[in-house]
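What follows is each chain in one-letter form.
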Amino acid sequence: MSKEKLKKCHDLTLCLCVFNVEKYVIETLESLRRQTFKDFRLLILDDCSTDSTKEIIQSYFDENPWVVPEIVEFRENHGTAYLRDYALHHCVTPLLMFFDADDIAKPTMVERLHEKIKSDPDLIAVSCYCNYMDACGNKLDGGIYLGPKNREEFLDRAKNGKMMFITPPTLFRREYALQAGGYRQAEWFPLRNDGIRYEDMSEDVDLWGRMSDFYKDGKYIVTISEVLFLYRKNTNTLSTGFAKARVMGQKLLYIKANIKRRRSGLSELEFADYWASLGWWARWNFERRNLGAYFYRQACFAWVKHRLVVCALDLLVGCLASPLYPLEKYRANFRKANR
């Protein structure tokens, strides 16, 4: 089918960015096949997988031709931010949505998000809640229940320069993501020699923050307060490692600083310039709080796996590093959510 015909048939592209997900991708594709809303293009970007991901995907669609996906295979690994920005500029539909290749969508996920964004032209992005599962697909306690639930809540956050935390499977209008600058690439960030890319950390939070600037034009972002997918929380990998946690913390501080600069009419800083502008107290305070946050998070993972002694030790270290961190998070999130 030509791109011109596809433009007439679909207004939404659903994109999977895949890298070494041979264990999970079939389950993810099956969850998308069971969607009650199927009027979307499927774009699959393979980030130079070294396992059997490519062969598994091709075999799956040979046996289950419920859609003809566009598959792009990259010859070298570029990372999440690069692939998402590629999709943003490459696809031809006005709406775009990313879905992680190891998560599971509930049958009405795409329908509910599409229905919501089409209900109001001022709505430029819509997300939803999720529950956690482990690497084996077993249910875990907790989930991600973040994001403004209505226009008023969004405007309150945007006007006060708050970061926009919503789940990754967010359906959004491409034109506003493009106007906001898309997904920031490596030239904004320092090069590390440990394989961790700053541009791949919280790349969505960065984009949603810049898209939230359109509140001045009456546009807004919301989260549907329904659990519409399952998020795979792998507590056994280096995704919970301290180096990544530190880079993530630095990136979030940087995103927040640039939001405040934009709201004040100032130009944004590249990461190196921002970090150099911080005094020793700000840097020390970041390291202390980040260390505490890391061990609190590790304590949660240990609790989920019923490793109670490890959980207690992690809590002790977290408390010594940043005793007020849990109270700060409570004040910033739970109390505000219950207003």
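Reading the values: the criteria
- Residues numbered from 1 in each chain as written.
- Predicted model: local features only at pLDDT ≥ 70, side-chain atom pairs only at ≥ 80, totals over all residues.
- Heavy atoms only, no water.
- 1 Å grid on protein atoms, 1.4 Å probe; cavity = no way out; pocket = protein on both sides within 12 Å on 5 of 7 lines; lining within 4 Å.
- Points joined across faces, edges and corners; volume = space filled by probe spheres on them.
- Helix = DSSP H or I, 4+ residues; strand = E, 2+ residues; numbered from the N terminus.
- Nonpolar A, V, L, I, M, F, W, Y, C, P; charged D, E, K, R; others polar.
- Core = buried A, V, L, I, M, F, W, Y, C linked by side-chain atoms within 4.5 Å.
- Buried < 20%, exposed > 50% of the residue type's maximum accessible area, 1.4 Å probe, protein only.
- Contact = heavy atoms within 4.5 Å.
- Salt bridge = Lys/Arg side-chain N within 4 Å of Asp/Glu carboxyl O.
- Polar contact = N/O pair within 3.5 Å; in protein donor to acceptor, adjacent residues only side chain to side chain.

Peer 1: Now, about empty space enclosed by the protein: what can you tell me, with residues and values included?
Peer 2: Within the structure shown, the criterion is met by one cavity of 30 Å³ or more. Space inside the largest cavity adds up to approximately 30 Å³. As for the largest cavity, its lining consists of Thr13, Arg41, Leu42, Leu43, Glu70, His90 and Cys91. No other element matches strand 2 (residues 41-46), which puts three residues into the lining of the largest cavity. Residue classes in the lining of the largest cavity are distributed as three nonpolar, two polar and two charged.

Peer 1: Pulling in residues and values, what's your account of the nonpolar core?
Peer 2: Core analysis: the largest hydrophobic core is formed by 66 residues, its most contacted members being Met109, Phe172 and Met211. Tallying contributions element by element places strand 6 (residues 123-133) first for this core, with seven residues. Among residues more than four places away in sequence, those in contact with Phe172 are Leu88, Pro94, Leu95, Leu96, Phe98, Ile117, Ile124, Ala125, Ala177, Tyr183, Trp208 and Met211. The next biggest cluster of nonpolar side chains, apart from the first, holds eleven residues, and it includes Phe189, Ile196, Met201 and Ala257.

Peer 1: Tell me about the pattern of salt bridges, residues and numbers included.
Peer 2: Tallying each qualifying case throughout the model produces 22 salt bridges. Of the charged contacts, one joins Glu27 and Arg232 as a salt bridge, the two residues approaching to 3.5 Å between their closest N and O atoms. Of the two residues, Glu27 is situated in helix 2 (residues 25-33) and Arg232 in strand 9 (residues 220-232); the sequence distance between them amounts to 205 residues. On the basis of relative accessibility, which here comes to 37%, the residue Glu27 falls in the partly exposed class. Classification of Arg232 as buried rests on a relative accessible area of 6%. The residue Asp122 makes a salt bridge to Lys219 at a minimum N-O spacing of 2.9 Å. Placement of Asp122 in the loop between helix 5 (109-118) and strand 6 and of Lys219 in the loop between helix 8 (203-211) and strand 9 is noted, with a sequence separation of 97 residues between them.

Peer 1: Could you give an account of the environment of Thr28, with specific residues and numbers?
Peer 2: Here Thr28 shows up in helix 2. Exposure remark for Thr28: the relative accessible area of 0% places this residue in the buried category. Once the C-alpha coordinates of Thr28 and Lys219 are considered, the two residues, 191 residues apart in sequence, prove to be 32 Å apart. If we ignore the near neighbours within four places in the chain, the residues touching Thr28 are Leu16, Phe99, Asp100, Ala101, Asp102 and Asp103. Within the structure, Thr28 has its side chain in polar contact with the backbone oxygen of Ala101 (distance 3.0 Å).

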